[in-house]
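Survey of secondary and tertiary structure
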Amino acid sequence: MKKRERFDVIKDILESIKKNNGKIKPTRLLYSSNLSSLMFKDYISDLVKTGLITEVSNSKNKKHYEITEKGNDFLRKYSMFNEFVSNLGL
Amino acid sequence: MAIIDNFPLIEFIYSCLIIFPSLLIYIKTKKIYNFKKHTGVRYFSKAFLFFAISFSIRFIYFISQSYSESSLSKIILYNNYLLILFELFFLVPGFYFFMSLTYKKFGRYRRLAWCLGIVFLFLVSLVDYFTYTFLLMYIVSIGLFSMNSFISYRNYQKKPTKYGQIYSTAMVLLLISWILNFSTQYILDKIPFLRYYVYFVNVLAVLIMLFIVNKILDNF
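In this report, we go over the structure that sits alongside the text.

Attention shifts here to the overall build of chain B. Regarding its fold elements, chain B presents eight helices and zero strands. Computed over C-alpha atoms, the radius of gyration of chain B comes to 18 Å, within 12% of the 17 Å expected from 2.2 N^0.38 for 220 residues, which places it in the range of a compact globule. Taking the principal axes of its C-alpha atoms as reference, chain B extends roughly 50 × 40 × 35 Å. Here chain B holds 220 residues, and the buried ones make up 49% of them. Counting contacts in chain B only where the partners sit at least 6 residues apart, residues at least 24 apart contribute 73% of the total. About 11,700 Å² of surface is accessible on chain B, with carbon and sulfur atoms providing 69% of the total. Mean positive and mean negative side-chain charge positions of chain B (21 and 7 charges, respectively) differ by 23 Å.

This is how it looks when you write it as structure tokens:
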């Protein structure tokens, strides 16, 4: 299997959250992201820092992740970028 | 005087119709290059930057020949070695298109391939300069755009996409423009207005490219 680039991993994580109505539990996200838990933590911390996702805790102190407007914008741009590259064979 | 006889005006309009769309394409594609540092996009983007630069130089050169009394024109006309740079800038866009379509094939030797390519183009410019012709420039450019047309069409056949065919058509138009350009210089120099067909084909190709970029990258 081809190794995913960091950029593609971020896209996969954001897409997983988006497909799940914009919010997802950490264990489910870890499972769908296909990453080791160490890598997963690294990616999630980066995504939170850059504002692509937010970490939300409920009253029972259970947390989940939500995609932000910036995250949605990233996915929109990623899709345009892919369309551009595949149309022009770059 | 009919507009068609007003050569400086036609040159000005033609240059604007190439330079501004090329700069727009460069700016738009630079944005997506900054989004994900993609090598193919970088080559594609720079091809249009050099397109704009080469046509700007061409226009300045034309003006300097038309108004040979100005100080700028004296600098250009009496420093003929600038012709080497002039020719190099004309060769580079075709090479950058070629690199954007083939860089994956070079793998880790990509940078070496780029360096060798630029050195080759420089040598071509030098040889033309010392032989007082543009012959090699035409041959190399026709060769490059033949390959670009073939590769982009083959890409489209392998993976048909909405704009892939239009893109390969634009490449073919650029090839036709170089062939016509060559013809006006060496074969069909007696046919009036052939030069304007070259202008038309070139502008059409650049506008098609701008259309593709605008359609795909709308609101990027």
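Once you've had a look at it, read on.
Our next topic: the interface of chain B and chain A. Interface size is commonly expressed as the accessible area that is lost once the parts come together. If you look at the interface, chain B gives 26 residues, while chain A gives 17 residues. Across the chain B/chain A interface, buried area totals approximately 1,900 Å², and carbon plus sulfur atoms make up 72% of it. When the buried area of chain B at its contact with chain A is split by residue, Phe35(B), Lys36(B) and Ile216(B) rank highest and sum to 36% of it. Linking chain B to chain A there are two salt bridges. With a shortest N-O distance of 3.7 Å, Lys36(B) and Asp8(A) are connected by a salt bridge. Where chain B touches chain A, the interface holds five residue pairs in polar contact (both at pLDDT 80 or more). Where the side of chain B that touches chain A is concerned, the elements lending two or more residues are helix H1 (7-35), helix H2 (39-66), helix H4 (82-106), helix H7 (164-186) and helix H8 (194-216) of chain B. The greatest single-element share of the side of chain B that touches chain A, amounting to four residues, is contributed by H4(B). A per-class count over the side of chain B that touches chain A returns 13 nonpolar, eight polar and five charged.

Residues and elements named next belong to chain A. One open sheet holds the three strands; their spatial order is S1-S3-S2, and the pairing between them is antiparallel. Sheet topology places strand S1 (23-24) and strand S2 (53-57) at the edges, where each strand pairs with a single neighbour. Bridge count between S2 and strand S3 (residues 63-67): five bridges; the pairing is antiparallel. Its bridge partner being in S3, Ser57 is matched across the sheet by Lys63.

Parameters and conventions
Residues numbered from 1 in each chain as written. Chains lettered and ligands numbered in written order. Predicted model: local features only at pLDDT ≥ 70, side-chain atom pairs only at ≥ 80, totals over all residues. Heavy atoms only, no water. Helix = DSSP H or I, 4+ residues; strand = E, 2+ residues; numbered from the N terminus. Rg over C-alpha atoms; globule rule 2.2 N^0.38 Å. Buried < 20%, exposed > 50% of the residue type's maximum accessible area, 1.4 Å probe, protein only. Contact = heavy atoms within 4.5 Å. Areas by Shrake-Rupley, 256 points an atom, 1.4 Å probe, with all protein chains shown as cover. Lys, Arg positive; Asp, Glu negative; His and termini not counted. Charge placed at Lys NZ, Arg CZ, Asp CG, Glu CD. Buried area = accessible area lost by both parts, 1.4 Å probe. Salt bridge = Lys/Arg side-chain N within 4 Å of Asp/Glu carboxyl O. Polar contact = N/O pair within 3.5 Å; in protein donor to acceptor, adjacent residues only side chain to side chain. Nonpolar A, V, L, I, M, F, W, Y, C, P; charged D, E, K, R; others polar. Pairing = 2+ DSSP bridges.

In short, shape yes, function no, at least from these values alone.
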